[in-house]
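Chain by chain, the residues run as shown.
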Amino acid sequence: AAREGSGAGAIPARPTAPRRDRFHAVWASGQFAALLGALLCGGVIAYLLSAGAWQIRRLDLAGAALTTPGEIDAAVGVSGHNIFTIEPQAAATRLVALPTVREAEVWGELPDRLVVRIVERQPVMTWQLGEDRYLVDGGGFVIAKNPAGEVTQGLPRLEVRERDSPAVGGRVDATVLSAALTIGEHASKFGVTITSMEYAPALGLTVVTPGGAGATNGRRILLGDGERLGEKLSVAGEIIRSEQNWAVLNVTDPDRPFFPAQQP
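Computed from a prediction, not measured in an experiment: that's the story for all the values here.

Reading the values: rules and limits
Within every chain, residues take consecutive numbers counted from 1 along the sequence as written. Under the rules for a predicted model, residues below a pLDDT of 70 receive no local features and side-chain atom pairs below 80 are neither given nor counted, while totals for whole chains, interfaces and linings still include all residues. Hydrogens and waters are ignored; side-chain quantities use all the structure's heavy atoms. Secondary structure counts use DSSP, requiring at least four H or I residues in a row for a helix and at least two E residues in a row for a strand, with both numbered from the N terminus. Remark: exposure states derive from per-residue accessible area (1.4 Å probe, protein chains only) relative to the maximum for the residue type, with buried under 20%, exposed over 50%, and partly exposed in between. By the convention used here, residues are in contact when the closest approach between their heavy atoms is within 4.5 Å. Any two strands are treated as partners once DSSP identifies two or more bridges connecting them. Where helices are involved, their axes are fitted lines through C-alpha atoms of the stretch in contact, as for all axes, and angles between N-to-C directions lie from 0 to 180°. Whether a crossover is right-handed comes down to one check: with the strands pointing away from the viewer, does the path from the first strand over the helix to the second run clockwise; if it does, it is right-handed. In a helix, the anticipated span is given by 1.5 Å times the number of residues less one. By construction, the arc corresponds to the directions joining the helix axis to the C-beta atoms.

A. Fine view of the environment of Ala 62. Locating Ala 62 in the fold gives a position in strand 1 (residues 58-62). Given the relative accessible area of 27%, Ala 62 is considered partly exposed. Along the backbone, Ala 62 and Val 119 are 57 residues apart, and their C-alpha atoms lie at a distance of 8.7 Å. Excluding residues within four positions of it along the chain, Ala 62 makes contact with Val 116, Arg 117 and Ile 118.

Okay, here's the thing in structure tokens:
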């Protein structure tokens, strides 16, 4: 017979693993190392984003002649920002939005230097309406309005009448601009000296040359549109060399040049 209190109905004790064995198991699985690495990386990133040593303090700028440092700084918009938070492509895009800038490149250099390289639009002519002067490039893009005198020095000037004023960042009539540039480039080859150029929709292009016997304020040559410009200039040069007395010469049709009875 079984004795009372024997082990037939007793519950055995549950074995408990030592805590250090549990730690070793976690360590061996790599979970602890991954957590430690994440904390370390987070601390480094937080430091880089907040440390004053990484704030942009120097701007290395090249290629700017028409664009002022203030315009560039405002467009880039990162002065005093952390170098790790800037977006160079976004800054370059804002620079290209400036009317004077055609291309831009931006990058940062540790610890606090921002490098900006721009290629500006090149002005080829002053487009004048009344008292306002507009700087335009070869494609007719309007770069600036009423720029400093030294900027327009040496550029050909076209006095435009009866046309709306262009907006900076917009474009002028490329056909008229191209014809005026062609005249300015080739007129001297035909013996035509230009003191100024004019344009009006009704008359087209007109050049003013030094005054002859009958024109104290200069003689005017009506060229009209941009067709057959070489022939028109050639005919005008021949008539100038003929030493005839005239104030206005119309060569809009180079086959039939004539002297208008009245100056337009």
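B. Layout of the sheet that holds strand 7 (residues 157-160). If you trace the eight strands from one edge of the open sheet to the other, you get 6-5-4-7-8-9-10-11, paired in mixed fashion. Either end of the sheet is taken by a strand with one partner, and the two such strands are strand 6 (142-145) and strand 11 (248-250). Each strand of the sheet is rotated relative to its neighbour by a mean of 25°, with strand direction disregarded. Across the sheet, helix 6 (residues 174-186) touches strand 4 (123-129), strand 5 (132-137), strand 7, strand 8 (196-200), strand 9 (204-209) and strand 10 (219-224), and the angle it forms with strand 4 is around 115°. Together, strand 10 and strand 11 form the strand contacts of helix 7 (residues 229-241), whose direction differs from that of strand 10 by roughly 155°.

C. Just the pairing of strand 7, in detail. Only one face of strand 7 is buried: it carries Leu 158 and Val 160, and the other face, with Arg 157 and Glu 159, is open. Alignment of strand 7 against strand 8, held across three bridges, turns out to be parallel. Note that in strand 8 the partner of Val 160 across the bridge is Tyr 199. Between the parallel pair strand 7 and strand 8, the chain is carried across by helix 6, and the sense of this crossover is left-handed.

D. Region of interest: helix 6. Over its 13 residues, helix 6 extends 18 Å from the first C-alpha to the last, a length consistent with the 18 Å expected when each residue adds 1.5 Å. Looking only at helix 6, the buried set comprises Val 176, Leu 177, Ala 179, Ala 180 and Ile 183. Each buried residue of helix 6 sits inside an arc of 165° when the element is viewed along its axis, so together they form one side. Residues Thr 175 and Glu 185 are exposed on helix 6 and point more than 90 degrees away from its buried face.

E. Focus on unusual backbone geometry. Cis geometry marks the peptide bond from Leu 110 to Pro 111; its omega dihedral reads 5°. Within the secondary structure, Pro 111 sits in the loop between strand 2 (101-109) and strand 3 (113-120). If you check the backbone angles, Asn 146 has positive phi at about 50° while not being a glycine. Take Asn 146: it is sitting in the loop between strand 6 and helix 5 (149-152). Its relative accessible area of 34% is what places Asn 146 among the partly exposed residues. Although it is not a glycine, Arg 228 adopts a positive phi angle of roughly 55°. Secondary-structure assignment places Arg 228 in the loop between strand 10 and helix 7. With relative accessibility at 36%, the residue Arg 228 sits in the partly exposed group.

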